[in-house]
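Spelled out, the chains give:
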Amino acid sequence: MEIMFTALDSYRKRELRLMGQTSLWMFPIYGMAAFLKPVCRLVRNFPAGIRALCYSMLIFLGEYVSGSILKKYKICPWDYSKARTNIKGVIRLDFAPFWMIAGLIFENLLMHSPKSSGQISETL
């Protein structure tokens, strides 16, 4: 998703090569989305807007903590300090709608994934 998002920014800048980018540091950070599964179970009966808000707040928390740690070691792949809605340069509050949508996408993926690897091997 990040590569597609950064490629869209290239399009906005009229760079038609649409180069998207990411950092290897992002793989474990995005992997933390797996921790949303217990939250998904807890909030599954709430309206979508409440669930989306909950997910975005958790994503902001993960982004803030991981960004702060990486920034401490001067290896943070993002810097939002020029954005008006930034907090310490590691999160942007105006990204909330994107994180809400991402949270609902993660919810869909996590709640419809196989419960164990045994299920996959049984079908093979």
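Up top you'll find the structure we're talking about.
This text gives an overview of the structure that appears in the document. Treat the numbers as computed from the prediction; the structure is a model and nothing was measured. (Residues numbered from 1 in each chain as written. Predicted model: local features only at pLDDT ≥ 70, side-chain atom pairs only at ≥ 80, totals over all residues. Heavy atoms only, no water.)

### Remarks on the packing of aromatic side chains
Here is step 1: Taken as a whole and judged by the stated rule, the model has four aromatic pairs.
Here is step 2: For the pair Phe5 and Phe95, a centre-to-centre distance of 5.8 Å together with 80° between the ring planes defines the contact as edge-to-face. Taken together, the residues span a long stretch of sequence, with Phe5 in helix α1 (residues 2–12) and Phe95 in the loop between β2 (91–92) and α5 (96–111) at a distance of 90 residues.
Here is step 3: According to the relative accessible area criterion, Phe5 is partly exposed, its value standing at 38%.
Here is step 4: According to the relative accessible area criterion, Phe95 is buried, its value standing at 12%.
Here is step 5: Where Phe95 meets Phe98, the ring centres are 5.8 Å apart and the plane angle is 90°; that geometry is what we call edge-to-face. (Phe/Tyr/Trp six-rings, centres within 6.5 Å; stacked < 30°, edge-to-face > 60°. Helix = DSSP H or I, 4+ residues; strand = E, 2+ residues; numbered from the N terminus. Buried < 20%, exposed > 50% of the residue type's maximum accessible area, 1.4 Å probe, protein only.)

### So, the packing of helix α3 (residues 36–43) against α5
Here is step 1: Taken N-terminus to C-terminus, the directions of α3 and α5 make an angle of 95°; their axes are 10 Å apart at the nearest point. Between α3 and α5, the angle falls in the class roughly perpendicular. Where α3 abuts α5, its residues Leu36, Lys37, Cys40 and Arg41 lie against Phe106, Glu107, Leu110 and Met111.
Here is step 2: Tallied by class, the residues present in the contact of α3 with α5 amount to five nonpolar, no polar and three charged. (Axes fitted to C-alpha atoms, helices over the stretch in contact; angles between N-to-C directions. Parallel < 35°, antiparallel > 145°, perpendicular 65-115°, else oblique. Contact = heavy atoms within 4.5 Å. Nonpolar A, V, L, I, M, F, W, Y, C, P; charged D, E, K, R; others polar.)

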